[in-house]
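# Geometric and topological summary
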Amino acid sequence: MNQKDAELDPQTESTYECFDCGTVVRATAPDACPECGAEMRNRRTPIE
Ligand SMILES: [Zn+2]
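Note that this is a predicted model, so its numbers are computed, not measured. (Residues numbered from 1 in each chain as written. Predicted model: local features only at pLDDT ≥ 70, side-chain atom pairs only at ≥ 80, totals over all residues. Heavy atoms only, no water.)

## Some details on the pattern of salt bridges
- In this structure the tally under the stated criterion is two salt bridges.
- Ionic pairing is found between Glu17 and Arg41, a salt bridge with its closest N-O pair at 3.4 Å. On the criterion of sequence distance, the pair formed by Glu17 in strand E1 (residues 14-18) and Arg41 in strand E3 (residues 40-42) is long-range, its members being 24 residues apart.
- One salt bridge in this structure joins Glu17 and Arg43, with 3.3 Å as the shortest N-O distance. Taken as a pair, Glu17 in strand E1 and Arg43 in the segment after E3 lie far apart in primary sequence, 26 residues in all.
- Residue classification places Arg43 among the partly exposed residues on the basis of a relative accessible area of 49%.
- Connected via shared salt-bridge partners are Glu17, Arg41 and Arg43. (Salt bridge = Lys/Arg side-chain N within 4 Å of Asp/Glu carboxyl O. Helix = DSSP H or I, 4+ residues; strand = E, 2+ residues; numbered from the N terminus. Buried < 20%, exposed > 50% of the residue type's maximum accessible area, 1.4 Å probe, protein only.)

Laid out in structure tokens, this is it:
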């Protein structure tokens, strides 16, 4: 058993959620929401 599963890898797809309409996509680094063009947020990244 190890705890390295939580490590973020920029080459791995992760889940992003649209700030504006809530659309969720899986991608490596989406530029903008495919539905409305708003900024996407990585759901694994806490808001600061
Ligand atoms: Zn959107």
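## What about the pairing of strand E2 (residues 24-27)?
- Only one face of E2 is covered, namely the face carrying Val25 and Ala27; the face carrying Val24 and Arg26 is uncovered.
- The pairing of E1 with E2 spans four bridges and is classified as antiparallel. Residue pairing for E2: Ser14 is matched across the bridge by Ala27.
- Between E1 and E2, which follow one another and run antiparallel, lie five residues, and Gly22 among them has a positive phi close to 85°. (Pairing = 2+ DSSP bridges.)

## Looking at the sheet that holds E3
- Spatial ordering of the open sheet is given by E2-E1-E3, a layout of three strands whose pairing is antiparallel. With partners counted over all chains shown, the strands left at the sheet margins are E2 and E3, one partner each. Going across the sheet, the axis of each strand differs from the next one's by a mean of 35°, ignoring polarity. (Axes fitted to C-alpha atoms, helices over the stretch in contact; angles between N-to-C directions.)

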